[in-house]
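# Structural overview for review
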Amino acid sequence: MEDLPSVDRHILDHRIILALKAIMDASGCTLHEAIDIFGVRYEELRRDRPESFQVSREEYGRDVYT
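Residues numbered from 1 in each chain as written. Predicted model: local features only at pLDDT ≥ 70, side-chain atom pairs only at ≥ 80, totals over all residues. Heavy atoms only, no water.

### Brief notes about the overall build of the protein chain
Counting its regular elements, the protein chain contains four helices and zero strands. Of the contacts made within the protein chain by residues no fewer than 6 positions apart, 38% connect residues no fewer than 24 positions apart. Working note: accessible area of the protein chain is about 4400 Å², and carbon and sulfur atoms make up 52% of it. (Helix = DSSP H or I, 4+ residues; strand = E, 2+ residues; numbered from the N terminus. Contact = heavy atoms within 4.5 Å. Areas by Shrake-Rupley, 256 points an atom, 1.4 Å probe, with all protein chains shown as cover.)

Encoded structure:
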């Protein structure tokens, strides 16, 4: 995905909707596909850069319903 730095920044800054939109814009995928891509990238970032996240894993998805 060509727009990965933008997606990563949105994920790290807890901007879930903007991350999903960036994924869809970069790949032309559907929302459901973007959610799957987001989940994979989120887990990679949590593993590789846990100190870069603004909120804890428990707080991250709170009040986001898909």
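### Concerning the environment of D48
Mapped onto the fold, D48 is located in helix 3 (residues 31-48). A residue is classified by how much of its surface remains accessible, and D48, at 48% relative accessible area, is partly exposed. At 2.9 Å, the side chain of D48 forms a polar contact with the side chain of R47. (Buried < 20%, exposed > 50% of the residue type's maximum accessible area, 1.4 Å probe, protein only. Polar contact = N/O pair within 3.5 Å; in protein donor to acceptor, adjacent residues only side chain to side chain.)

### Observations regarding the pattern of salt bridges
Overall, the coordinates contain seven salt bridges when judged by the stated rule. Salt-bridge contacts for K21 lead to D25; the nearest nitrogen and oxygen are separated by 2.8 Å. In this pair, K21 and D25 both sit in helix 2 (residues 16-27), four residues apart, roughly one turn of the helix. Judged by relative accessible area, which is 44%, K21 ranks as partly exposed. For D25, a relative accessible area of 55% corresponds to the exposed category. (Salt bridge = Lys/Arg side-chain N within 4 Å of Asp/Glu carboxyl O.)

### Overview of the packing of helix 1 (residues 4-12) against helix 3
The geometry of a pair of packed helices is captured by two quantities: the angle between their axes and the separation between those axes. Between helix 1 and helix 3, the shortest axis-to-axis distance is 10 Å and the interhelical angle comes to 75°. For the element pair helix 1 / helix 3, the angle class is roughly perpendicular. Along the contact surface, helix 1 presents L4, D8, I11 and L12, while helix 3 presents F38, R41, Y42 and L45. Considered class by class, the residues forming the contact of helix 1 with helix 3 number six nonpolar, no polar and two charged. (Axes fitted to C-alpha atoms, helices over the stretch in contact; angles between N-to-C directions. Parallel < 35°, antiparallel > 145°, perpendicular 65-115°, else oblique. Nonpolar A, V, L, I, M, F, W, Y, C, P; charged D, E, K, R; others polar.)

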